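# Geometric and topological summary
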Amino acid sequence: MISGKIEYLSRSERETRLAGTVLGRWARPGDVLALVGELGTGKTCLVQGIALGLDVPASSRVRSPSFVILHTYAGRCPVHHLDLYRIRGPEELEDLDWREVLYGDGVCVIEWADRLGDLLPARRLDVALFHSTEESRWIQIRPSMALEQSRWVDLVGFWEAAKLPGPAPEPG
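Remember, predicted model here, so these are calculated numbers, not experimental data.

## So, helix α2 (residues 43-53)
- Taken across its 11 residues, α2 has 8 buried, putting it largely inside the fold.
- Buried residues in α2 make contact with α1 (13-26), β2 (32-37), β4 (78-83), β5 (107-111), β6 (125-131) and β7 (137-143).
- Trailing α2 by a residue or two, Asp 55 shows a phi angle of about 65°, which is positive.

## Notes on the packing of α1 against α2
- It is the contact of α1 with α2, at a shortest axis distance of 6 Å, that shows an interaxial angle of 45°. Classified by the angle their axes make, α1 and α2 are oblique. Crossing of α1 against α2: the hand is right-handed. Every residue of α2 that contacts α1 at Glu 13, Thr 16, Arg 17, Ala 19, Gly 20, Thr 21, Leu 23, Gly 24 and Arg 25 is listed here: Cys 45, Leu 46, Gln 48, Gly 49, Ile 50, Leu 52 and Gly 53.

## Describing the packing of aromatic side chains
- The full count for this structure, using the stated rule, is 2 aromatic pairs.
- Ring centres of Tyr 8 and Trp 159 lie 5.7 Å apart, and the angle between their planes is 80°; this geometry places the pair in the edge-to-face category. A residue pair is termed long-range when its members are at least 10 positions apart, and Tyr 8 in strand β1 (residues 6-10) and Trp 159 in helix α4 (residues 149-162) qualify at 151 residues. The exposure classification of Tyr 8 matches that of Trp 159, with both residues buried.
- The interplanar angle of 50° and the centroid separation of 5.0 Å between the aromatic rings of Tyr 85 and Trp 112 together place this pair among those described as tilted. Of the two residues, Tyr 85 is situated in the loop between β4 and α3 (98-103) and Trp 112 in the loop between β5 and β6; the sequence distance between them amounts to 27 residues.

## A look at the pattern of salt bridges
- Counting across every chain of the model gives 7 salt bridges.
- Between Asp 55 and Arg 76 there is a salt bridge; the shortest N-O distance is 3.8 Å. Here Asp 55, found in the loop between α2 and β3 (70-74), pairs with Arg 76, found in the loop between β3 and β4; they are 21 residues apart in sequence, far enough to count as distant.
- A relative accessible area of 40% means that Arg 76 is categorised as partly exposed.
- Across the pair Arg 123 and Glu 148 runs a salt bridge, and its minimum N-O distance is 3.0 Å. Pair noted here: Arg 123 is in the loop between β5 and β6 and Glu 148 is in the loop between β7 and α4, with a separation of 25 residues, a long-range link.
- If you follow the salt bridges from partner to partner, you end up with Asp 31, Arg 123, Glu 148 and Arg 151 in one network.

The rules behind these values
- Residues numbered from 1 in each chain as written.
- Predicted model: local features only at pLDDT ≥ 70, side-chain atom pairs only at ≥ 80, totals over all residues.
- Heavy atoms only, no water.
- Buried < 20%, exposed > 50% of the residue type's maximum accessible area, 1.4 Å probe, protein only.
- Helix = DSSP H or I, 4+ residues; strand = E, 2+ residues; numbered from the N terminus.
- Contact = heavy atoms within 4.5 Å.
- Axes fitted to C-alpha atoms, helices over the stretch in contact; angles between N-to-C directions.
- Parallel < 35°, antiparallel > 145°, perpendicular 65-115°, else oblique.
- Left-handed = near helix turned anticlockwise from the far one by under 90°.
- Phe/Tyr/Trp six-rings, centres within 6.5 Å; stacked < 30°, edge-to-face > 60°.
- Salt bridge = Lys/Arg side-chain N within 4 Å of Asp/Glu carboxyl O.

Encoded structure:
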């Protein structure tokens with residue numbers, strides 16, 4: 001069983017994007033990043049950084065796909081960005097090819113991931129964002145129990161090498 005967490009206090013949109021960039025550099029095809037947090041905690045901003053880390057060109061203008069639920073961007077692998085804010089339950093995803101998105105050859109980043117319920121893959125990285133002050137937020141990253149220990153160790157290494165300000169990660 002994997003344990004540990006990374007906690008990061010982001011003081012600006014730039015720092016949130018930077019944290020996302022580290023996650024994107026770490027991510028590889030088949031990874032699922034499950035984001036949760038209240039409105040305005042920076043989930044879409046974090047996704048913008050993840051996309052940059054996955055070599056999605058800045059000209060792609062990553063933004064929240066709330067009204068269409070899914071955007072796919074071309075990077076070093078496909079980047080599937082799901083925003084489930086407007087759905088009430090997983091049954092509303094039947095029109096999407098959600099299995100291909102969650103289990104396909106790309107990286108899947110899900111905003112409001114808790115709305116997937118039991119459809120959420122067991123092998124994933126859980127990312128929670130919390131308001132700290134009006135301008136800052138905590139980003140807490142935890143491995144799911146099904147994520148391989150080696151992938152978690154790799155992420156901790158990527159995070160430490162990035163020298164982001166804030167508390168050191170707990171390797172588990």
